[in-house]
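Here's the letter readout for the chains.
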Protein chains: 2
Amino acid sequence: MTDVVSDIRNAKAESRKLAALPTDIKDAALMAMAEALDVSRSLIIEANAKDLENARSEGLGKVMLKRLAVDDAKIDGMIAGIRSVVALKDPVGDTMSAMDLDDGLTLYQISCPIGLIGVIFESRPDVVPQIMSLCLKSGNGVVFKGGREATETNRCLFTVLRDAVSNIVPASSFVMIETREDVNTILSLNDCIDLLIPRGSNEFVRFIQQNTSIPVLGHAAGICHVYVDSDADLGKAWEVTLDSKIQYPAVCNAMETLLVNRRVADRFLPKMNQMLREHNVEVRCDPMSLPFMEGAVEASEDDWDTEYNDYILSVKVVSTVEEAVGFINTHGSHHTDAIITENPQNMSYFINNVDSADVFVNASTRFADGFRFGKGAEVGISTNKIHSRGPVGMEGLMIYKYVLMGGGQVVKDYVGDGARPFKHISNDKRLEVR
Amino acid sequence: MTDVVSDIRNAKAESRKLAALPTDIKDAALMAMAEALDVSRSLIIEANAKDLENARSEGLGKVMLKRLAVDDAKIDGMIAGIRSVVALKDPVGDTMSAMDLDDGLTLYQISCPIGLIGVIFESRPDVVPQIMSLCLKSGNGVVFKGGREATETNRCLFTVLRDAVSNIVPASSFVMIETREDVNTILSLNDCIDLLIPRGSNEFVRFIQQNTSIPVLGHAAGICHVYVDSDADLGKAWEVTLDSKIQYPAVCNAMETLLVNRRVADRFLPKMNQMLREHNVEVRCDPMSLPFMEGAVEASEDDWDTEYNDYILSVKVVSTVEEAVGFINTHGSHHTDAIITENPQNMSYFINNVDSADVFVNASTRFADGFRFGKGAEVGISTNKIHSRGPVGMEGLMIYKYVLMGGGQVVKDYVGDGARPFKHISNDKRLEVR
């Protein structure tokens, strides 16, 4: 029994107190967090400088260094993020449904926090204020484990934030652990941690998924498709395809494979090729599309299952919307897939049959994002088939409990000969217990 | 690669077709299932006779034999169950929310089936028609694996039901596997099976939970409490306590531990003891309650963590509602816990702080049940903290997808200098694509 285990067990017990806090207390704690970041800027930037120095001496790449670096502008962003969480409606204690089982026996479904959330992340220290503020507002405790390269920054941010709230809320429901071995502790505490949110590379997320029996919210891959239908408006098709590929190729909602109906291939592909070449996109083609794509190479079988996250695109010609959908369900990652069409039947078929979190019609795959979806703050993007799917906001940190309000009713009166019947009348009653 | 694996992979692919079926087709298939059971009564009872004969020769207990036996009355129940699913509203394709991200760019959250459900169950062959009808109506495929002792009955029921629908829906999305080794196959197919529903003993459910990375819907224990508060109406307390313990002690929502506030212990306990003794309940007491419970024995530490499922009760005196809640959160199984009180503060405290799926006020724990909760048909009872909690009906077989309907919008117009702002206006639009 290490100290880490008892810290986490304690966080779980304390998180139940968070669950019962009134909104004004939680909002006061959030304002204190924002304030504390503001007055601790030099402390945070100093801690970050140590991480950056270590990272440079270890030869970390430019992109990684940029993600790791914290400056005044990034702290402004963290503060604005916390303030935006204050503005979100308190999701706890909402009556989701109500039903009179009988006179004087009413069943309420009440929203409540999940409990203790484990957040395991690589670099990007802004995860700490973002997730901690979302968890506090939704009444959940958090166990953080950050990447080694950001140790000093994460520790400083966490300490500043936790100390800021320690006189307002049960702060020991927030824990940060630092050593690599402790990741295994987190993954094994399935009686204590209710949900894991991994933030990092695909390999990282897959490792977490495969090494725990705790539910994991996230996605391990983003192999997104655009299908240009026989009845596509080609003007829209060119613009949406280009944006889906090159607007930001390094992320999970960028397109990796373009499917084109054979009836428009000759009109659509040559100009598409030209646009992609102007942006230095490497194109890998199936035999049917290759003749239309000057300078392209032939795709291998592996290409259809590859997330490039780069200026590379695979292209394939299909005969029907059914073939496109079958291909997407087989080779995609159930993340985000789009159809470009003006045909209502093909639109409906695509919407009803593509088994993905996000199914788009005549819009760029790059819209798959919590902010763009109007969620305010994003917990992550999920390709799970239960609980939360697609971009997930604070609602992904909630579950419900059933509250039955009676006057001494017993089940024996409702069973057997002469049983009293249930009424089961749904209604708009609300339970007010705060 | 066994045949079982390819059958299951095929079921997964075929289940996507179920997801897109119109309601009338699914209801026609359900009516055909009910009809087929009715005309196959002798076939089913004959198959069941073989299982019963084997079971008797292997010395199976009376209770198990009763659960295994299928007679005309049980078949009537199966048929009525299927017909009640016809009456349920089609849960697929509902618009759960809608939001204009911008003019002509609308995001819909649409309910859809989870995909392929794995159902692993011990005896009770009525699971087959019950779950198959719920999955068909909700557009999910199913892989069944039943207990060895019911092999003939399960096979017969499954074949009758699948054959009945094979000209109406993609019937290969329903699979039954029979050998014990194939359970491990099911548990390992996490890329293919989206949700597991185990139905059986606690040990059985726990084995499933610990041996798969597929999400599991269920509960491994039901250690339920009744807390008799200082401000309890003792008349209600006696009735509710007795019902929670003896109305049907063998099930998960029966009370196992009674907590009593010390201020009412002397008035409440002696009569409670008398009522329990009249029903031959063995009582195990903490030192504080023991003097009030004539004929009771002293409880051991293990008693507080034991699900008896029998005419046994542990009893403990506590000083405050806070102590009661702390005890329940520590020793309970987060299933169903009740408070008996007339005090609004204690009621609120209990509701907000007990971390259980079902939290009852002045009502028997035995009300925790899908039918009593008005769900029509029950998938199971879940103590999970994500997706579905408490008694779960057909809604537990559903997830959603986000459908974005655009007119060629691209993300580049919404980022950087001069970015077009999002509108994010929630509205009542509905997507009709069936």
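For the structure itself, consult the block above.
Residues numbered from 1 in each chain as written. Chains lettered and ligands numbered in written order. Predicted model: local features only at pLDDT ≥ 70, side-chain atom pairs only at ≥ 80, totals over all residues. Heavy atoms only, no water.

Caption draft 1: Quick look at the overall build of chain A. Within chain A one finds 13 helices and 17 strands. Seen through its principal axes, chain A has C-alpha atoms that stretch 75 × 70 × 40 Å. Within the span of chain A, comprising 434 residues, buried residues form 61% of the whole. In chain A, 72% of the contacts between residues at least 6 apart in sequence involve partners at least 24 apart. Here chain A has roughly 16800 Å² of accessible surface; of this, 50% comes from carbon and sulfur atoms. (Helix = DSSP H or I, 4+ residues; strand = E, 2+ residues; numbered from the N terminus. Buried < 20%, exposed > 50% of the residue type's maximum accessible area, 1.4 Å probe, protein only. Contact = heavy atoms within 4.5 Å. Areas by Shrake-Rupley, 256 points an atom, 1.4 Å probe, with all protein chains shown as cover.)

Caption draft 2: Focus on the interface of chain A and chain B. Residue-level contacts link 75 residues of chain A with 75 residues of chain B. Carbon and sulfur atoms supply 60% of the area buried between chain A and chain B, which totals about 6400 Å² over both sides. Of all the elements in the fold, those that place two or more residues in the side of chain A that touches chain B are helix H1 (3-19), strand S1 (95-102), strand S2 (105-113), helix H10 (234-246), helix H13 (344-353), strand S13 (358-363), strand S15 (390-392) and strand S16 (398-409) of chain A. With eleven residues, the top contributor of residues to the side of chain A that touches chain B is S16(A). Here the side of chain A that touches chain B is built from residues that sort into 37 nonpolar, 21 polar and 17 charged. (Buried area = accessible area lost by both parts, 1.4 Å probe. Nonpolar A, V, L, I, M, F, W, Y, C, P; charged D, E, K, R; others polar.)

Caption draft 3: How the structure looks around the pattern of salt bridges. Scanning the entire structure with this criterion turns up 57 salt bridges over all chains. A salt bridge links Arg162(A) to Asp163(A), with the shortest nitrogen-to-oxygen separation between them at 3.4 Å. Note on Arg162(A): relative accessible area 28%, which makes it partly exposed. What you see here is one network of salt bridges that share partners, running through Lys12(A), Arg16(A), Asp194(A), Asp355(B), Lys385(B) and Arg389(B). (Salt bridge = Lys/Arg side-chain N within 4 Å of Asp/Glu carboxyl O.)

Caption draft 4: Representation of the sheet that holds strand S7 (residues 224-228) of chain B within the structure. Read from one edge of the open sheet, eleven strands run S17(A)-S1(A)-S2(A)-S16(A)-S13(B)-S12(B)-S7(B)-S8(B)-S11(B)-S9(B)-S10(B), paired in mixed fashion. At either end of the open sheet lies a strand with only one pairing partner, and these are strand S17 (425-427) of chain A together with strand S10 (297-298) of chain B. Inspection of the sheet shows strand S8 (residues 255-261) of chain B paired to strand S11 (residues 312-318) of chain B by five bridges, in the parallel sense. Each bridged residue has a counterpart across the sheet, and for Leu258(B) the counterpart in S11(B) is Val315(B). (Pairing = 2+ DSSP bridges.)

Caption draft 5: Representation of the relation of the copies chain A and chain B. It takes a turn of 180° to lay chain A on chain B, together with a shift of 0.0 Å along the axis; the resulting RMSD is 0.0 Å. Taken together, the turn and the small shift mark the pair as related by a two-fold rotation axis. Across chain A, the smallest distance between a C-alpha and the rotation axis is recorded for His387(A), namely 1.9 Å. Residue by residue, 100% of the interface of chain A is reproduced at the interface of chain B, so both copies engage with the same surface. (Least-squares fit on C-alpha atoms with pLDDT ≥ 70 in both.)

Caption draft 6: Expanded view of the pairing of strand S2 (residues 105-113) of chain B. Residue and element names in this part refer to chain B. Where burial is concerned, most of S2 is hidden: nine out of the nine residues are buried. Here S2 shows a buried face lined by Leu105, Leu107, Gln109, Ser111 and Pro113 and a second buried face lined by Thr106, Tyr108, Ile110 and Cys112. Inspection of the sheet shows strand S1 (residues 95-102) paired to S2 by six bridges, in the antiparallel sense. Paired with Asp102 across the strands is Leu105, a residue of S2.

Caption draft 7: The sheet that holds strand S16 (residues 398-409) of chain B, seen in detail. The mixed open sheet is built from eleven strands, whose spatial order is S10(A)-S9(A)-S11(A)-S8(A)-S7(A)-S12(A)-S13(A)-S16(B)-S2(B)-S1(B)-S17(B). The open sheet has two edge strands, strand S10 (297-298) of chain A together with strand S17 (425-427) of chain B, and neither has a second partner. Pairing analysis gives two bridges linking strand S9 (residues 282-285) of chain A to S10(A), with the strands arranged parallel. Bridged to Cys285(A) within S10(A) is Glu298(A). Against the sheet, helix H11 (residues 265-278) of chain A makes contact with strand S7 (224-228), strand S8 (255-261), S9 and strand S11 (312-318) of chain A, and its axis sits at roughly 155° relative to S8(A), the strand it touches most. (Axes fitted to C-alpha atoms, helices over the stretch in contact; angles between N-to-C directions.)

Caption draft 8: Here's a closer look at helix H9 (residues 202-210) of chain A. Residue and element names in this part refer to chain A. For H9, the full list of buried residues reads Asn202, Phe204, Val205 and Ile208. For H9, the arc enclosing every buried residue in end-on projection is 165°, short of the 170-degree limit, so these residues lie on one face. Exposed residues pointing more than 90 degrees away from the buried face of H9 are listed as Glu203 and Gln210. Check the buried side of H9 and you find it contacts strand S3 (116-121), helix H8 (181-188) and strand S6 (195-199). (Arc of directions from axis to C-beta.)

Caption draft 9: Focus on the environment of Ser319(B). Residues and elements named next belong to chain B. By secondary structure assignment, the location of Ser319 is in the loop between S11 and helix H12 (321-331). Ser319 gets classed as partly exposed once you look at its relative accessible area, which sits at 31%. The spacing of Ser319 and Arg262 is 57 residues in sequence and 5.5 Å in space, taken between C-alpha atoms. In this structure, Ser319 is in contact with Asn261 and Arg262, ignoring residues within four places of it in sequence.

Caption draft 10: The arrangement of the packing of helix H3 (residues 41-57) of chain A against helix H7 (residues 151-165) of chain A in detail. Residues and elements named next belong to chain A. For the pair H3 and H7, interaxial distance at closest approach is 7 Å and the crossing angle is 160°. Here H7 runs roughly antiparallel to H3, going by the angle between their axes. As H3 runs across H7, the sense of the crossing is right-handed. Of the residues in H7, those in contact with Leu43, Ile44, Ala47, Asn48, Lys50 and Asp51 of H3 are Thr151, Glu152, Thr153, Cys156, Leu157 and Val160. Partitioned by chemical class, the residues of the contact of H3 with H7 number six nonpolar, three polar and three charged. (Parallel < 35°, antiparallel > 145°, perpendicular 65-115°, else oblique. Left-handed = near helix turned anticlockwise from the far one by under 90°.)

Caption draft 11: View of the environment of Met272(B). Residues and elements named next belong to chain B. Its place among the elements puts Met272 in helix H11 (residues 262-278). Residues Met272 and Val142, spaced 130 residues apart in sequence, show a C-alpha to C-alpha distance of 47 Å. Ignoring sequence-local partners within four residues, the contact set of Met272 consists of Ala237, Trp238, Thr241, Leu242 and Leu258.

Caption draft 12: Region of the structure containing unusual backbone geometry. At Asn309(A), a residue that is not glycine, the phi angle is positive and equals roughly 50°. Locating Asn309(A) in the fold gives a position in the loop between S10 and S11. A positive phi angle is found at Asn280(B), which is not glycine, with a value near 60°. Take Asn280(B): it is sitting in the loop between H11 and strand S9 (282-285).

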